[in-house]
Amino acid sequence: MQSSRTTADAGTAVEGFGGAALFTIFAIVAGFAVEWLTAGSGIVIPRWPVNFLFLAAFASGIVAVGLGMRDRPVVAWMGGIPVGLSLIVGLALLSFIGGFLPQDPAPAGSMVARLRLNSIFSSWPFAFVAFLFLGNLGFSLLWKTIPFRPANLQFILFHGGFWIALSCGLLGSSDLQRLVIPLYEGQESGVAYEMPSEQPLRLPYSIYLKDFEILEYVPQFALYDPSTDQVIDEKSRMVPEVRKGARAVWPGIVSATVLDFLPDAVPGKDGNPVLAAEGHKGVPFARIRVELEGQPAVEQWINGGGPGINPQFFPVGNYFIVIAPGQPKAFSSSVLIRGNDGQRRVATLEVNKPVDFQGWKLYQMGYDEKAGRWSTMSLVEAVNDPWLPAVYLGFFMIMGGNLLFFWKGIKKMEAA
Amino acid sequence: MTLVEFPAIAMAAVACWVLGSLLQIPAGRSKPVAVFSWTLFVGGSAVLVWFLVSYWIALERPPLRTLGETRLWYATLIPLVGFLVEYRWGIRWLKYYCIGLATLFLGINLLHPDVFQKALMPALQSVWFVPHVVVYLVAYVLLAASSVAGFHNLWLQYRNKSSKVSESMSHYLALLGFVLLTFGLVFGALWAKEAWGHYWTWDPKETWAFISWLAYLGYLHLVARKTRVTTLQWYLGLAFLVLLVCWFGVNYLPSAQNSVHTYSG
């Protein structure tokens, strides 16, 4: 992003893009040729410290060539806007493939697999274009940085931040570890699984799951059509919540009013529900009054069903009035984490609230969805990304440059 | 306030804008008529702001979850861009395009009404939710305005009535839009790290957000190269198509089947 100029200033034709476009096309074609010849094997980024040494050598090369050979036409061209813009288009086109086609396994030997169109972001064409783009960005950044002028600060922050975030994000991806740890209530585990290979790994710590808890939104009642597996829209377009006194109207079909609601109950001896002794073992019961046109009102208990409790519906012609469980509002795991070095930490893992432990971030990832709120299993994701601070440095530099860009834009706009 | 009231609210807003637009014809000759016309313009938007606030309170969560809800924000915000542009640059025509777009989006919501649903999945219960989505929506609004301004500038050029002020305006709208697009992208990455474990996973929505960002990055580099004004206006006009794919279209692409970003509505 160069410092902005008004379009009113602009007036000359686009120049020098032909060669730059050919250069980018050549890089993409060469990348796809490598994929074709290697049956779509893709690029394997080396791990620490080789990736770091490569990045250091690449950055040093940019500095050496950029400073020592700046006057050479080919170097000036490599760091110029036409090449930069062509590579931006190249990145966008390759990203378009990734944004259009599913990035999932494809049949071996198929055109998609051989060209690696199903994993485009780890393909050779993407790597070539990204590498050349980082070179172009690096040269332009270097020439705006040396000699330093305060007026170039916005350019330096934005472009420098993008260079750091992109290079460290791509090269550091090989050191990223994302592991899944299944935990069961009352048990401790120090084993995690790499996905999707399901390869087990021993962690340098273990986690004891004391309790897993799910909070749900209020259950809803719905008119269910089994022939289409859909629910019928209620008159007000609200999803009716099961609360005492709530009324739902399905025009021309039926209306129902909740007379009583027990959020946690079990069937009693006489068939009527009673409050569950243990709060988490019950299911929602509702006594509803159903009014069908031209017929006397009928009252009946219905429930949403659960482990050991059969669900009860109210049949209405080809439909059923049912209780649907509320959607998960929050789920959390109370855990004790113990490091192999003896360090201990009591924590609660929740979505959006990861916990740090010895360089790892632990995330509340999921649970046994079949068991729903009765789940005693919690899925925790352990993430270790040693390159994260560098990527974040890049992000914050981009935001700093962006703020200055905004400020300069406002100033120019006022002057325009 | 719920969606039961939405058709009346939408009709009221559009009626205010249409009446305000009609009164612009005699407004040049009469100051009271001009004031009344602008009262109607602002009143139309105020009705939508009022509905959004009431709907937020009734939902007990930010109305930013479904595509329908984002369209509602869009319809509320985009006329304001047209009004501000007239206030800043004295350009009168942009507000009519903006009102037209707002009416279109309200119409889509009337034809495909949302369901009133309070539930908000745990991953969306984050401090990043509102800033990420609102910043993106404001960016989309500014870039849509720059797109229609681009096409209008081409029309003016075709009629030999080019206006440097109008061309500058489309540029500045794109520039501000790009700034917010960048913030939205970075906010999204920071949020993704906290919610899903990684800041970037090439999810289809992320990929399209990246493509959109690259598209406007390309525009700024073309500006820096002193590209012809006509090319730039065409570019701005068409670039918004990429944003539309990112906003709506991505849900219908083959890649969307495993996206964490597919929304109803």
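Residues numbered from 1 in each chain as written. Chains lettered and ligands numbered in written order. Predicted model: local features only at pLDDT ≥ 70, side-chain atom pairs only at ≥ 80, totals over all residues. Heavy atoms only, no water.

Right, let's talk about unusual backbone geometry for a bit. Residue and element names in this part refer to chain A. Cis rather than trans, the peptide bond between Ile146 and Pro147 has omega equal to -5 degrees. Considering the arrangement of structural elements, one finds Pro147 in the loop between α6 (124-145) and α7 (153-171). Residues Met195 and Pro196 are joined by a peptide bond in cis, for which omega reads 0 degrees. You will see that Asn352, though not glycine, has its phi angle at about 75 degrees, which is positive. Mapping Asn352 onto the fold places it in the loop between β14 (344-350) and β15 (355-357). Although it is not a glycine, Gln358 adopts a positive phi angle of roughly 50 degrees. With respect to the helices and strands, the residue Gln358 is situated in the loop between β15 and β16 (360-367). The exposure class assigned to Gln358 is partly exposed, which follows from its relative accessible area of 32%. (Helix = DSSP H or I, 4+ residues; strand = E, 2+ residues; numbered from the N terminus. Buried < 20%, exposed > 50% of the residue type's maximum accessible area, 1.4 Å probe, protein only.)

What follows concerns the pairing of strand β10 (residues 298-303) of chain A. Note that strand β9 (residues 283-291) of chain A and β10(A) share six bridges and pair antiparallel. Note that in β10(A) the partner of Val290(A) across the bridge is Val298(A). (Pairing = 2+ DSSP bridges.)

Turning to its location among the elements, Gly197(B) is positioned in the loop between α6 (164-196) and α7 (204-224). Owing to a relative accessible area of 0%, Gly197(B) belongs among the buried residues under this scheme. In contact with Gly197(B), other than residues within four places in its own chain, are Arg178(A), Tyr363(A), Glu381(A), Val383(A) and Ala192(B). (Contact = heavy atoms within 4.5 Å.)

Below, the discussion takes up the interface of chain A and chain B. Often, the extent of an interface is quoted as the loss of accessible area on bringing the components together. Every contact between the two is made by 76 residues of chain A and, on the other side, 68 residues of chain B. Across the chain A-chain B interface, the total number found is one salt bridge. As a salt-bridge pair, Lys361(A) and Glu194(B) come within 3.9 Å of each other at their nearest N and O atoms. Here chain A is connected to chain B by 13 residue pairs in polar contact (both at pLDDT 80 or more). When residues of the side of chain A that touches chain B are traced back to their parent elements, those giving at least two are α4 (81-100), α7, β13 (328-339), β16, β17 (377-384) and α8 (388-415) of chain A. (Salt bridge = Lys/Arg side-chain N within 4 Å of Asp/Glu carboxyl O. Polar contact = N/O pair within 3.5 Å; in protein donor to acceptor, adjacent residues only side chain to side chain.)

Let us look at the packing of aromatic side chains. Each aromatic ring pair is summarised here by two numbers: the centre-to-centre distance and the angle between the ring planes. All names here are of chain A. Applying the stated criterion across every chain, the model contains 56 aromatic pairs over all chains. Judged by centre distance (5.7 Å) and plane angle (70 degrees), the rings of Phe133 and Phe162 are edge-to-face. Here Phe162 lies in helix α7 and Phe133 lies in helix α6, a separation of 29 residues in the sequence. The residues Phe133 and Phe162 share a single accessibility class, namely buried. With 6.1 Å between their ring centres and 85 degrees between their planes, Phe221 and Trp250 make a pair best called edge-to-face. (Phe/Tyr/Trp six-rings, centres within 6.5 Å; stacked < 30°, edge-to-face > 60°.)

Membership of the largest hydrophobic core comes to 142 residues, with the highest contact counts inside it found for Phe395(A), Trp17(B), Tyr74(B), Leu94(B), Met169(B), Trp213(B) and Tyr216(B). Ranked by residues supplied to this core, first place goes to α6(B) with 18 residues. Grouped together as the second largest cluster of nonpolar side chains are 24 residues, Val335(A), Leu349(A), Val351(A) and Phe357(A) included. (Core = buried A, V, L, I, M, F, W, Y, C linked by side-chain atoms within 4.5 Å.)

Turning our eyes to something else, we now look at the state of the cysteines. Linking two cysteines covalently via their sulfur atoms produces the bond known as a disulfide. All names here are of chain B. Per the counting criterion, the structure on display carries zero disulfides over all chains. Summary of cysteine pairing: Cys98 is not part of a disulfide, and the nearest cysteine sulfur, belonging to Cys16, is at 17 Å. Looking at Cys98, the relative accessible area reads 0%, which means it is buried. (Disulfide = S-S within 2.5 Å.)

Along its sequence, chain A is organised into domain 1 (2-146), domain 2 (179-215 + 329-384) and domain 3 (219-325). Measuring from the centre of the C-alpha atoms in domain 1 of chain A to the corresponding centre in domain 2 of chain A gives 39 Å. (Domains from an automatic or database assignment.)

Residues of chain A with pLDDT of at least 70 account for 95%, and the chain-wide mean is 91. Ignoring residues within four places in sequence, the model shows residues 1-14 of chain A, a span with pLDDT below 50, making 52 contacts including any to other chains. (pLDDT = per-residue confidence, 0-100.)

The antiparallel open sheet is built from eight strands, whose spatial order is β14-β13-β3-β2-β1-β17-β16-β15 (chain A). Lying at the two open borders of the sheet, with one neighbouring strand each, are β14 and β15 of chain A. Direction aside, neighbouring strands of the sheet carry axes that sit 40 degrees apart on average. Relative to the sheet, α6(B) contacts β1 (177-184), β16 and β17 of chain A, its axis offset from that of β16(A) by approximately 70 degrees. (Axes fitted to C-alpha atoms, helices over the stretch in contact; angles between N-to-C directions.)

Once that is clear, we can look at the packing of α7(A) against α8(A). Residues and elements named next belong to chain A. Across the interface, α7 lies against α8 with an axial gap of 7 Å and an inter-helix angle of 155 degrees. Between α7 and α8, the interaxial angle falls into the category roughly antiparallel. The chirality of how α7 crosses α8 is left-handed. Looking at side-chain class alone, the contact of α7 with α8 contains 16 nonpolar, eight polar and one charged residues. (Parallel < 35°, antiparallel > 145°, perpendicular 65-115°, else oblique. Left-handed = near helix turned anticlockwise from the far one by under 90°. Nonpolar A, V, L, I, M, F, W, Y, C, P; charged D, E, K, R; others polar.)

Residues and elements named next belong to chain B. For Arg61, the location among the structural elements is in the loop between α2 (31-59) and α3 (67-89). Only 3.3 Å separates the side chain of Arg61 from the backbone oxygen of Lys118, close enough to count as a polar contact. Beyond its immediate stretch of four places on either side in the chain, Arg61 contacts Trp56, Glu69, Gln117, Lys118, Ala119 and Leu120.

To continue, consider the sheet that holds strand β5 (residues 230-232) of chain A. Adjacent strands of a sheet pair through backbone hydrogen bonds, lying either parallel or antiparallel. All names here are of chain A. The strand order across the open sheet formed by four strands is β5-β4-β12-β11, and the pairing between neighbours is antiparallel. The sheet is open, and its two borders are formed by β5 and β11 (314-316), each paired with just one other strand. Along the sheet, successive strands turn relative to each other by an average axial angle of 45 degrees, direction set aside. As judged from the three bridges shared by β11 and strand β12 (residues 319-324), these two strands associate in the antiparallel manner.

Together, Val18(B), Leu19(B), Leu22(B) and Ile25(B) make up a nonpolar patch on the protein surface, roughly 390 Å² of accessible area in all. You can call Ile25(B) exposed: its relative accessible area is 64%. (Patch = residues over 30% accessible without salt bridge, like charges linked within 9 Å, V, L, I, M, F, W, Y side chains within 5 Å. Areas by Shrake-Rupley, 256 points an atom, 1.4 Å probe, with all protein chains shown as cover.)

Take the packing of α2(B) against helix α4 (residues 94-111) of chain B next. Residue and element names in this part refer to chain B. One way to put it is that α2 packs onto α4 with a least axis distance of 13 Å and a crossing angle of 30 degrees. On the basis of the axis angle, α2 is roughly parallel to α4. Seen from above, α2 lies across α4 with left-handed handedness. Facing Trp38, Phe41 and Leu48 of α2, the residues of α4 in contact are Lys95, Tyr96, Ile99 and Leu106.

A rise of 1.5 Å per residue sets the reference length of helix α8 (residues 229-247) of chain B, with its 19 residues, at 27 Å; its end C-alpha atoms lie 28 Å apart and thus fit the reference within 8%. Where α8(B) is concerned, the buried positions are Val229(B), Leu232(B), Gln233(B), Leu236(B), Gly237(B), Ala239(B), Phe240(B), Leu243(B), Cys246(B) and Trp247(B). (Expected span 1.5 Å × (residues − 1).)

The subject of this paragraph is the pattern of salt bridges. Residues and elements named next belong to chain A. For the structure shown, the criterion picks out 13 salt bridges over all chains. Measuring nitrogen to oxygen at the nearest pair gives 3.7 Å for the salt bridge that ties Arg47 to Asp175. Of this pair, Arg47 sits in the loop between α1 (17-37) and α2 (50-68) while Asp175 sits in the loop between α7 and β1, and the two are 128 residues apart along the sequence. Among the residues examined, Arg47 registers a relative accessible area of 49% and is labelled partly exposed. Linking Arg178 and Glu381 is a salt bridge whose minimum nitrogen-to-oxygen distance equals 2.9 Å. Of this pair, Arg178 sits in strand β1 while Glu381 sits in strand β17, and the two are 203 residues apart along the sequence. Shared partners join several salt bridges into a network, and the residues in it are Glu216, Asp264 and Arg373.

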